[in-house]
Amino acid sequence: MKTSTFRLFLFVLAISFSACKKNSNDPAPGNSSLGTFVGNIQVVDDPQTQLGYIYNAEVSVSTSGSDATVKIIGDPGFEREYTGKVTTRQDGLYDITLSKQTKPAEKVAGERVVIINNKLTISLDVANDNVTVRKNTTTNETLQITGKISMIGTDMLIK
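The rules behind the values
Residues numbered from 1 in each chain as written. Predicted model: local features only at pLDDT ≥ 70, side-chain atom pairs only at ≥ 80, totals over all residues. Heavy atoms only, no water. Helix = DSSP H or I, 4+ residues; strand = E, 2+ residues; numbered from the N terminus. Buried < 20%, exposed > 50% of the residue type's maximum accessible area, 1.4 Å probe, protein only. Polar contact = N/O pair within 3.5 Å; in protein donor to acceptor, adjacent residues only side chain to side chain. Contact = heavy atoms within 4.5 Å. Pairing = 2+ DSSP bridges. Phe/Tyr/Trp six-rings, centres within 6.5 Å; stacked < 30°, edge-to-face > 60°.

**Student:** Explain the side chain of R80 here, please?
**Tutor:** One can find R80 in strand β4 (residues 78–90). Given a relative accessible area of 10%, R80 falls into the buried group. Within the structure, the side chain of R80 is placed 3.4 Å from the side chain of D129, a separation counted as a polar contact. Dropping the residues within four chain positions of it, R80 is found in contact with V70, K71, I72, Q101, K103, P104, D129, N130 and V131.

**Student:** Sorry if this is basic, but what is going on with the pairing of strand β3 (residues 67–75) here?
**Tutor:** As a general feature of sheets, a regular strand has side chains that alternate between the two faces. The two faces of β3 differ: A68, V70, I72 and G74 on one face are buried, but D67, T69, K71, I73 and D75 on the other face are not. Examined bridge by bridge, strand β2 (residues 51–64) and β3 share eight bridges and lie antiparallel to one another. Bridge pairing in β3 places S62 opposite T69. Where β2 hands over to β3, the hairpin turn is made up of two residues, of which G65 adopts a positive phi near 65 degrees. In this antiparallel pair of consecutive strands, β3 and β4, the connection spans two residues, and G77 shows a positive phi of 80 degrees.

**Student:** So what exactly am I meant to see when it comes to unusual backbone geometry here?
**Tutor:** Glycine aside, the phi torsion of most residues is negative, and most peptide linkages are trans. A cis amide bond links D75 with the next residue in sequence, P76, at an omega value of 10 degrees. In this fold, P76 is placed in the loop between β3 and β4. Positive phi values are uncommon outside glycine, yet N118 reaches one of about 70 degrees. You can call N118 partly exposed: its relative accessible area is 46%.

**Student:** Explain the packing of aromatic side chains here, please?
**Tutor:** Two aromatic rings are characterised by how far apart their centres lie and by the angle between their planes. One pass over the structure, following the stated rule, counts one aromatic pair. Judged by centre distance (5.7 Å) and plane angle (25 degrees), the ring pair of Y53 and Y55 falls under stacked. On the accessibility criterion, Y53 (23% relative accessible area) is partly exposed. What makes Y55 buried here is its relative accessible area of 10%.

This is the structure:
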């Protein structure tokens, strides 16, 4: 009786394992660079009383399994790094949910990075930050934006 019950248990267990398959939307393991994308990023405070730009921004995106790192550098001396999770990876589409700023200081961050066919769109919120940005394209005049910061960069092209 015990032997037949044990065999039945092993049979059910074997069928359970063979019926399971990997979700095709799960990010693939391994380290990879998704590229460096260039363009301009608009920066505003909350409640949108100040507006500035990070010109010549370069956004580098790399992954390790489902973990993602996003590095942004740009004029005038802007440099930040963020981490998050890859939520979708399929057929030229990458969707990354950001959760933390790690450099220059660790802070809570939110929103996402989406890459579709070599174009990147970034939408990013950081609580309690202080950034120096350009006022506009015609002058080198800079502006300090402090508080809750929102950044948006659309249709950034791969370098």
